[in-house]
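Residue-level structure breakdown
If you want the building blocks of each chain, they are given just below.
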Amino acid sequence: MFYPPANVNGRKKGAAALSFMPMSCSQNGSRLALFLSSLSFFLFLYSYVCTFNNGGGKNIGVAWLANRANSMLIPESGSDSCSGRYIYVHNLPPQFNQDILRNCHSLIKYFDMCPYISNLGFGPKILNSQGVFQDDGWFLTSQFMLEVIFHRRMKQYQCLTNDSSAASAIFVPFYAGLDVGRYLWDFNTSVRDSAPIRLLRWLTQKPEWKRMWGRDHFLITGRICWDFRRKTSSESDWGNKFMFMPEAKNMTILGIESSTAAGGDIGIPYPTYFHPSSDGEVFQWQERMRMQRREYLYSFAGASRPEMSDSIRGDIIDQCRASGEKCKFLDCDPSSKKCDDPANVMRMFQKSRFCLQPPGDSYTRRSTFDCILGGCIPVFFDRGSAYAQYLWHLPRNYTSYSVFIPARSVREREVKIEDVLGGISEEEVLGMREEVIRLIPGVVYADPMCPLKTFKDAFDIAVKGVLQRVDRIRREEEQQTGIRF
């Protein structure tokens, strides 16, 4: 789990320098666009010349050129590139999003989250003083900012519509995680449930809701699902009951960790530190990860969980230390603050072949996506950590990009992690690493002001998944009721 450092404004020795400079599209994007435009022009010219020289004569060549230009500039009659992709965004009262941000000092009891709202929710810009990152596109991003990041990106979505009747899906920009995060400690259940109750009351009064009773609505949560799944009314029980409210069950809820049960909540990637503003930045980073010298067989960034009887983290740390120079352990105990600096974490991932991802406070970890970003092959110990979670963003063939070691085998000392990972052939390692590097664009959230052209990022994949899901639900409803929605 990500915990913001106590002092993000002060520059600490050995820590990545931070800047609050406003974001802008990088020059790399402009250069790449210029290159692609030039390439397209020369290919176009070449095609014209070939057509002219193939016996068609000047008139045919000119006619072909005119027709080709018209086909590039004028869409065919009746064509609509946004057909089936229109999204309507509810204009919620500010109490459900912007007012929450205005009280950023109180978003989490133990931390000041205000710095992390800057730069469209990406947080302070990381200056590449240690050479671990690229000069552009890297930010000290909190995992709790996913709702803000997604909302800002949705505002730039190319197929928005003001006509809700034309929309294939309806987005609800409620900052559910930031809301409940304010009340997880020292507040009663009535306070914790208040905003979700008010939101659902507001939604159900809208004509958009009555069309499919919310089954075409979706929203984002920047906290794990268990923060919204309180089963009782006991004051000591954790979280609120948002996901158990009948109206909420009708909606599709995307979050950093889902319940994995048959329901409306679906896992999407945690935010990472990388938010590229051009395809060139992605290409360059992927190539850099291919060229990395990886001196450690495996590594683990985390802390032990002695208070959790079923945790294998202590066993993993013991095995890592026993492996000597083959394993690197980065202690993320809050008192050490080593993991507050993203340079420490990403440097280790870039130098490791395999990165261990055991469950912690919950099944999933932001570290999974940071290690993918570092070109490091993730090693899972519970299927709920990834395989049953991120079905839209990670391959169903999990052996293509990861290694699975059952937690029980580690707990009962039936296996040595070093032996399992060391027994994988060099050819298999190279194949898995290449698949991990290929996944990078799809697990990062790009700069909303400079969307990627060649790649689909985590936002694009999530929106596509929502549209397909709502379309399936709509068709099933029509078949059962005979009513066309």
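The structure presented is a predicted model; accordingly, all values stated were derived computationally and were not measured.

1. Quick word on the environment of serine 385
Among the secondary structure elements, serine 385 is positioned in the loop between strand 11 (377-380) and strand 12 (403-404). Here serine 385 falls in the buried class, since its relative accessible area comes to 2%. Considered as a pair, serine 385 and tyrosine 363 are 22 residues apart in the sequence and their alpha carbons are 4.8 Å apart. Not counting residues up to four positions away in its chain, the partners in contact with serine 385 are Gln357, Pro359, Tyr363, Thr364, Phe380 and Tyr390. In terms of polar contacts, serine 385 uses its side chain to reach the backbone carbonyl oxygen of tyrosine 363, at 2.7 Å.

2. Re the pattern of salt bridges
Summed over the entire model, instances satisfying the criterion amount to 25 salt bridges. With a closest N to O distance of 3.3 Å, glutamate 476 and arginine 472 form a salt bridge. Remark: arginine 472 and glutamate 476 occur in helix 15 (residues 458-481); sequence separation between them is four residues, near one turn of the helix. Look at glutamate 476 and you get partly exposed, because its relative accessible area is 34%. It is possible to trace a salt-bridge network through shared partners that takes in Arg153, Asp457 and Asp460.

3. Re the sheet that holds strand 12
Backbone hydrogen bonds hold the strands of a sheet together, and the pairing may be parallel or antiparallel. An order of 9-8-10-11-12 is seen for the five strands of this open sheet, with the pairing classed as parallel. For this open sheet the edge positions go to strand 9 (327-331) and strand 12, each flanked by a neighbour on one side alone. Two elements, strand 8 (residues 296-302) and strand 9, share five bridges in a ladder whose sense is parallel. The partner of glycine 302 across the bridge, within strand 9, is aspartate 331. Contacting strand 8, strand 9 and strand 10 (352-357), helix 10 (residues 342-350) runs over the sheet at an angle of about 155 degrees to strand 8.

4. Overview of the packing of aromatic side chains
With the rule as written, the count across this model stands at 22 aromatic pairs. For the ring pair phenylalanine 228 and phenylalanine 242, a centre distance of 6.4 Å and an interplane angle of 70 degrees mean the geometry is edge-to-face. Linking phenylalanine 228 in the loop between strand 5 (217-221) and helix 7 (246-250) with phenylalanine 242 in the loop between strand 5 and helix 7, this pair joins segments that are 14 residues apart in sequence. One exposure class covers both phenylalanine 228 and phenylalanine 242, and it is buried. An aromatic cluster of three or more residues is present, and its members are Phe150, Tyr157, Phe171, Phe218 and Phe459.

5. Structural notes on the nonpolar core
Within the largest apolar cluster, 100 residues are counted, with the highest numbers of intra-cluster contacts made by Phe150, Phe354, Phe381 and Leu421. No other element matches the seven residues that helix 15 contributes to this core. Dropping the residues within four chain positions of it, phenylalanine 150 is found in contact with Phe171, Phe218, Ile220, Ile268, Tyr445, Phe459, Ala462 and Val463. One finds Leu92, Val172, Phe228 and Met245 within the second-largest nonpolar core, a separate group that totals 22 residues.

6. Quick notes on the sheet that holds strand 5
The sheet built from five strands is open, its strands ordered 2-4-5-6-7 with parallel pairing. Each edge of the sheet is formed by a strand with only one pairing partner; in this case those strands are strand 2 (87-89) and strand 7 (265-267). Put simply, the sheet's adjacent strands are angled 30 degrees from each other on average, direction ignored. Across two bridges, the pairing between strand 4 (residues 169-171) and strand 5 is parallel. Bridging across to strand 5, isoleucine 170 finds its partner in histidine 217. Sitting on the sheet, helix 3 (residues 146-154) is in contact with strand 2, strand 4 and strand 5, with an inclination near 135 degrees to strand 5.

7. Here we look at unusual backbone geometry
Of note, the phi angle at leucine 120 is positive, near 65 degrees, even though the residue is not glycine. Position of leucine 120 among the secondary structure elements: in the loop between helix 2 (98-102) and strand 3 (125-127). A relative accessible area of 25% places leucine 120 in the partly exposed class. Positioned with a positive phi, tryptophan 213 is a non-glycine residue whose angle comes to about 55 degrees. Along the chain, tryptophan 213 turns up in the loop between helix 6 (207-212) and strand 5.

8. Re the pairing of strand 11
Neither face of strand 11 is exposed, since Ile377 and Val379 on one face and Pro378 and Phe380 on the opposite face are all buried. Note that strand 10 and strand 11 share four bridges and pair parallel. If you follow cysteine 355 over to strand 11, its bridge partner there is proline 378. Traced from strand 10 through helix 11 (residues 367-373) to strand 11, the parallel crossover comes out right-handed.

9. What to know about the state of the cysteines
Going through the model one piece at a time under the given rule, you end up with five disulfides. Here cysteine 104 engages in a disulfide with cysteine 114; their sulfurs sit 1.9 Å apart. Disulfide cysteine 104-cysteine 114: torsion about the S-S bond near 95 degrees, hence right-handed. Of this pair, cysteine 104 sits in the loop between helix 2 and strand 3 while cysteine 114 sits in the loop between helix 2 and strand 3, and the two are 10 residues apart along the sequence. Judged by relative accessible area, cysteine 104 falls into the buried class, the value being 11%. Paired through a disulfide, cysteine 355 and cysteine 376 show a sulfur-sulfur distance of 2.1 Å. What sets the handedness of the cysteine 355 and cysteine 376 disulfide is the S-S torsion sign, and at about 110 degrees it is right-handed.

Rules used throughout
- In this numbering scheme, every chain counts its residues from 1 along its sequence in written order.
- Per-residue local features of the predicted model are confined to residues with pLDDT of at least 70, and side-chain atom pairs are confined, for both listing and counting, to 80 or more; whole-chain, interface and lining totals are unaffected and use all residues.
- Processing note: side-chain calculations cover all non-hydrogen atoms of the structure and skip hydrogens and water entirely.
- Numbering of helices and strands runs from the N terminus, with a helix taken as a DSSP run of H or I at least four residues long and a strand as a DSSP run of E at least two residues long.
- Only protein chains enter the accessibility calculation, which uses a 1.4 Å probe. A residue is then buried if its area is under 20% of the maximum for its type, exposed if over 50%, and partly exposed in between.
- Any two residues whose heavy atoms approach within 4.5 Å at even a single point are treated as in contact.
- Two N or O atoms form a polar contact when they lie within 3.5 Å of each other; inside protein one atom must be a possible hydrogen donor and the other a possible acceptor, and for residues adjacent in sequence the pair counts only when both atoms belong to side chains.
- By definition here, a salt bridge exists when the distance from a side-chain nitrogen of Lys or Arg to a carboxyl oxygen of Asp or Glu is within 4 Å.
- Pairing between strands requires that DSSP locate at least two bridges from one strand to the other.
- Only C-alpha atoms enter the line fits that serve as axes; for helices the fit covers just the stretch in contact. Angles between N-to-C directions range over 0 to 180 degrees.
- Within 6.5 Å between ring centres, the rings of Phe, Tyr and Trp (the latter by its six-membered ring) count as paired, and their orientation is classed by plane angle as stacked under 30 degrees, edge-to-face over 60, tilted in between.
- The set of buried Ala, Val, Leu, Ile, Met, Phe, Trp, Tyr and Cys residues whose side-chain atoms join them within 4.5 Å is what this entry labels a nonpolar core.
- If you view a crossover with the strands going away from you and the path from the first strand over the helix to the second runs clockwise, you call it right-handed.
- Any cysteine sulfur atom paired with another within 2.5 Å is treated as part of a disulfide.

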